[in-house]
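# Descriptive analysis of the structure
One letter stands for each residue in the lines below.
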Amino acid sequence: MVELTGTLFAHPDSMAKDLKSLVRAGCLAFMGLILAASAQAANVTLMWDAPVEGGVSGYRIDYGVQPGVYTAAVDVGLATSTVIQGLTNGSPYYFVVRAYNASRQLGAPSIEVSTRAGVRVHVAGDFSGDYRSDITVFRPGNGTWYVRSTTGAVLTVPFGASSDKPVAGDYDGDGRVDVAVFRQSTGTWYIRSTASGAVQSILWGGGDDIATPGDFDGDGKTDVAVFRPSTGVWYVLNSIPGSAATALRWGGQGDVPVSADYDGDGVDDIAVFRPSNGTWYIRYSRLNNSVGLVWGGAGDIPMVADYDGDNKKDIAVFRPANGTWYIRYSGGAASAALPWGGGNDIPVAADYDGDSVDDVAVFRPSDGTWYVRYASGPSAAIRWGGSGDMPALR
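Report on the accompanying structure. Fair warning: this is a prediction, and the values are worked out from it, not measured in the lab.

In a beta sheet, neighbouring strands pair by backbone hydrogen bonds and run either parallel or antiparallel. The sheet built from four strands is open, its strands ordered β20-β21-β22-β23 with antiparallel pairing. Since the sheet does not close on itself, it has two edges, and those belong to β20 (256-257) and β23 (290-294), each with one partner. As judged from the two bridges shared by β20 and strand β21 (residues 270-274), these two strands associate in the antiparallel manner. Each residue of the ladder has a partner; that of Val-256, found in β21, is Phe-273.

Here's what the structure looks like:
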């Protein structure tokens, strides 16, 4: 029986790239191509690699709207891609693929992968819209953003003041990250659209609030949000027109906000990392449940990212004391310890090569160099920025 593992990538139909080139040799690699068919339906295209050992007579795709619960199946024969049609637009879907032999015996399923039908996937730091994270710093000294795309193109944007916190995100949902800052002294967010250059200001938060932008309503747009440590309350300004703002108590003084999409439903989950006991407290947005997971401890820097490419964020910490990354993959059964960086390095995990798997990376302010360890194996050292600069990836 052939055993398969897998990874899913989600891109809209405007994606101008060879998806097949993203397949990693020796594994079943899923790639989801989101195609909005109508206001009510959407299609998802899946692609995968045939196992190198052969012996496969066909493949079956199992899927459903809840993790681990598959209510539909499609036999695609020996094809290594298929289009799942008629999905509900805006709904999360979870997929596995299984190979079968000549006797129709099914092999083990791939890892579960997910996507939100009809909603463009967000790539941290992608100012150009090419599904690759751009190396970016905000320089408080002159209030300027310096963006270096993967092609080497440079974007320089004066926007912000010395005391501002960078909060870049895709606030208009066009697939390109927008320059933005949070001015804590006044509780004001200033957002500049990358596409149009239009600027808006939003009064939201202040005092000791920590800016925590994210897509909390699942519409593909970054929402303005803050976490108030003094009361442990999250205040979220949802971007869906007509929707009410939300206030939710989760966490408290000393906690580090680590909101992200941990369950792959396309909606960021409210979460905190508590250094005092090394515990992550995650409140899932859709499943109406929560979990506490011990991973890391005092001195560790939480660095949430998708390190296995299944469209679910993985819990991870960077430990400056020994320069090691400790990653707990979303399936829960596997983990990794990767030495990369150290000392005063700033962790900046993101998808720098566009393979839909986040890469381990650090920014070293002392020499202004980004050290990237690609998930595919090679590494790179890219000089961009310097002492006092703030990496601006979201």
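Okay, back to it.
Now for the pairing of strand β31 (residues 379-383). Side chains on a regular strand alternate between the two faces of the sheet. As paired elements, strand β30 (residues 369-373) and β31 share five bridges and run antiparallel to each other. The partner of Val-372 across the bridge, within β31, is Ala-380. Hairpin geometry of β30 and β31 is characterised by an intervening segment of five residues between the two adjacent antiparallel strands and by a positive phi of about 130° at Gly-377.

Okay, the packing of aromatic side chains next. Applying the stated criterion to the full structure yields twelve aromatic pairs. Between the aromatic rings of Phe-182 and Trp-189, the centroid separation amounts to 5.2 Å while the plane-to-plane angle is 45°, which identifies the pairing as tilted. Through successive ring pairs, a cluster of aromatic residues spans Tyr-63, Tyr-93 and Phe-95. Positioned above the aromatic ring of Tyr-100, the side-chain terminus of Arg-104 is 4.2 Å from the ring centre.

What follows covers the nonpolar core. If you look at the biggest cluster of nonpolar residues, it comprises 17 residues, and the most contacted ones within it are Ile-61, Leu-87 and Phe-95. The set of elements that each furnish at least two residues to this core consists of β3 (41-47), β4 (58-64), β6 (81-88) and β7 (92-100). Sort the elements by how many residues they give to this core and β7 lands first, with four residues.

Here we come to the pairing of β4. For β4, the buried fraction is high: six of the seven residues fall into the buried class. In terms of strand pairing, β4 meets β7 through seven bridges, oriented antiparallel. Residue pairing in the sheet places Asp-62 in a bridge with Val-96 of β7. Across five bridges, the pairing between β4 and strand β5 (residues 72-77) is antiparallel. Across the sheet, Asp-62 pairs through a bridge with Ala-73, a residue of β5.

On the basis of which strands lie adjacent, the open sheet formed by four strands has the order β11-β10-β9-β32 and antiparallel pairing. The open sheet terminates on both sides in strands that have one partner only, identified here as β11 (154-158) and β32 (390-391). With five bridges connecting them, strand β10 (residues 144-148) and β11 associate as antiparallel partners. Residue pairing in the sheet places Val-147 in a bridge with Leu-155 of β11.

A few words now on the environment of Tyr-352. The residue Tyr-352 is located in the loop between β28 (346-347) and β29 (360-364) in this model. Placed 229 residues apart in sequence, Tyr-352 and Val-123 show a C-alpha to C-alpha distance of 9.6 Å. In this structure Tyr-352 touches Arg-132, Ser-133, Ile-135, Thr-150, Asp-359, Ala-361, Trp-370, Val-372, Tyr-374 and Leu-393, once residues within four positions along its chain are discounted. Looking at Tyr-352, its side chain comes within polar contact range of the main-chain oxygen of Val-348, at 2.5 Å.

Thresholds applied
- Residues numbered from 1 in each chain as written.
- Predicted model: local features only at pLDDT ≥ 70, side-chain atom pairs only at ≥ 80, totals over all residues.
- Heavy atoms only, no water.
- Pairing = 2+ DSSP bridges.
- Helix = DSSP H or I, 4+ residues; strand = E, 2+ residues; numbered from the N terminus.
- Phe/Tyr/Trp six-rings, centres within 6.5 Å; stacked < 30°, edge-to-face > 60°.
- Lys NZ or Arg CZ within 6 Å of the ring centre and 35° of its normal.
- Core = buried A, V, L, I, M, F, W, Y, C linked by side-chain atoms within 4.5 Å.
- Buried < 20%, exposed > 50% of the residue type's maximum accessible area, 1.4 Å probe, protein only.
- Contact = heavy atoms within 4.5 Å.
- Polar contact = N/O pair within 3.5 Å; in protein donor to acceptor, adjacent residues only side chain to side chain.

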